[in-house]
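Structural description and commentary
For reference, the chains in residue letters:
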Amino acid sequence: MEEFPALVTRAFELARAAGFALTREDAGAGASSACLPGVGRFLAVLAAGCVGGRIAELGTGTGVGAAWIADAMPADCTLVTVEVEERFAAVARELLSGDARVEVLTGEAADVVPARGPFDLVFSDAGAHGVDPVGLLRIGGRVVMDDLTPRAALPPGSPLLADDPKRRAFFGDRRLVSTEVVLPDLRNSLLVGTRAR
Ligand SMILES: C[S@@+](CC[C@H](N)C(=O)[O-])C[C@H]1O[C@@H](n2cnc3c(N)ncnc32)[C@H](O)[C@@H]1O
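Everything in this summary refers to the structure shown in the same document. (Residues numbered from 1 in each chain as written. Predicted model: local features only at pLDDT ≥ 70, side-chain atom pairs only at ≥ 80, totals over all residues. Heavy atoms only, no water.)

What about the site of the ligand?
- Around the ligand sit 23 residues, and of these Glu-57, Gly-59, Glu-83, Glu-108 and Asp-125 come closest.
- Separating a nitrogen atom of the ligand from a side-chain N or O atom of Glu-57 is a distance of 2.9 Å.
- In the environment of the ligand, a nitrogen atom lies 3.5 Å from a nitrogen or oxygen atom belonging to the backbone of Ala-126.
- Taken by itself the ligand offers 610 Å² of open surface, and the protein chains cover 90% of this.
- Counting only elements with at least two residues in the shell around the ligand, the list comes to α4 (64-72) and β2 (78-83).
- Partitioning the shell around the ligand into residue classes produces 10 nonpolar, eight polar and five charged. (Near = heavy atom within 4 Å. Polar contact = N/O pair within 3.5 Å; in protein donor to acceptor, adjacent residues only side chain to side chain. Areas by Shrake-Rupley, 256 points an atom, 1.4 Å probe, with all protein chains shown as cover. Helix = DSSP H or I, 4+ residues; strand = E, 2+ residues; numbered from the N terminus. Nonpolar A, V, L, I, M, F, W, Y, C, P; charged D, E, K, R; others polar.)

Side note on the sheet that holds strand β6 (residues 176-182)
- Taken together, seven strands build an open sheet; the order of strands is β3-β2-β1-β4-β5-β7-β6 and the sheet is mixed. Each having just a single partner strand, β3 (102-106) and β6 make up the two edges of the open sheet. Recorded for the sheet is a direction-independent mean angle of 15 degrees between the axes of neighbouring strands.
- Of the strand pairs in this sheet, β2 and β3 are connected by five bridges, and their pairing is parallel. Residue pairing in the sheet places Val-82 in a bridge with Leu-105 of β3. (Pairing = 2+ DSSP bridges. Axes fitted to C-alpha atoms, helices over the stretch in contact; angles between N-to-C directions.)

Concerning the pattern of salt bridges
- As enumerated under the stated definition, the model contains 14 salt bridges in all.
- With its nearest N and O atoms 2.9 Å apart, the salt bridge here joins Glu-2 to Arg-41. Of the two residues, Glu-2 is situated in the segment before α1 (6-18) and Arg-41 in helix α3 (residues 37-48); the sequence distance between them amounts to 39 residues.
- Exposure remark for Arg-41: the relative accessible area of 33% places this residue in the partly exposed category.
- Glu-25 is the salt-bridge partner of Arg-187, the closest N and O atoms lying 3.5 Å from each other. Highlighted residues: Arg-187 in the loop between β6 and β7 (189-195) and Glu-25 in helix α2 (residues 24-27), separated in sequence by 162 residues.
- Each of the salt bridges in this network shares a partner with another, and the network as a whole consists of Arg-10, Glu-13 and Glu-94. (Salt bridge = Lys/Arg side-chain N within 4 Å of Asp/Glu carboxyl O. Buried < 20%, exposed > 50% of the residue type's maximum accessible area, 1.4 Å probe, protein only.)

Describing the nonpolar core
- Counting residues in each nonpolar core, the largest one holds 40 residues, and the members touching the most others are Val-39, Ile-55, Val-64, Met-73 and Val-144.
- Where this core is concerned, the elements lending two or more residues are α1, α3, α4, α5 (86-96), β3, β4 (119-124) and β7.
- In terms of nonpolar packing, the next biggest core, distinct from the first, is built from 19 residues, Leu-105, Val-122, Leu-136 and Met-145 among them. (Core = buried A, V, L, I, M, F, W, Y, C linked by side-chain atoms within 4.5 Å.)

Observations regarding the environment of Leu-190
- With respect to the helices and strands, the residue Leu-190 is situated in strand β7.
- Accessibility expressed as a relative area gives 0% for Leu-190, which makes it buried.
- Considering only alpha carbons, one finds Leu-190 and Glu-180, 10 residues apart in sequence, at a separation of 5.7 Å.
- When residues no more than four places from it in sequence are discounted, the contact partners of Leu-190 are Val-39, Phe-42, Val-144, Met-145, Asp-146, Leu-148, Thr-179, Glu-180, Val-181 and Leu-183. (Contact = heavy atoms within 4.5 Å.)

Some words on unusual backbone geometry
- With an omega of 0 degrees, the peptide bond between Gly-117 and Pro-118 qualifies as cis.
- Position of Pro-118 among the secondary structure elements: in the loop between α6 (109-112) and β4.
- We note that Leu-186 has phi near 65 degrees; this positive angle belongs to a residue other than glycine.
- Along the polypeptide, Leu-186 turns up in the loop between β6 and β7.

Right, here's the structure in full:
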């Protein structure tokens, strides 16, 4: 059975209690869900390298992604995470209140995050939020975007096989060196890029 850090296990419990879905399937079309364990582990790998750094998460949900990041990041690193829905932000605040390195904000990402940058790592997980996540990065900083289906897992006839606006925008961004990472379940993937210019 897969093992999780204690903080992440607690985040799962609080998400369930708050009715925040843990998978895209449970959420249903158009609804929000927490990042999957494969994404969380990937974020943890990057967060662990942010020595003396600053991390931002756009779209906290109830704090699952923030838990993965906070658990892995070095003692001298900070995390700011922003959520527009106060009832979700309150759950994340309860989860992370004991960690002085973490700030859980309620509000629009575009209003509160840019002034706190530049960042070493940005987890952009709020859909259309009016922020340029790459613009929040220092040179050498990394951006992660969630919630893609690998091309090989798309059903025949999916319009995304011909053109996916999310991939097109990400891979067309000349500031980034970027790739797509398929998760071990082979059904989900994420986009990751390093700001080179
Ligand atoms: C996919 S969920 C986030 C999951 C979370 N990152 C995790 O790993 O568990 C997206 C969240 O973004 C929030 N959101 C949507 N638009 C936003 C905005 N403009 N600013 C801040 N949060 C926003 C939604 O309310 C929702 O809770």
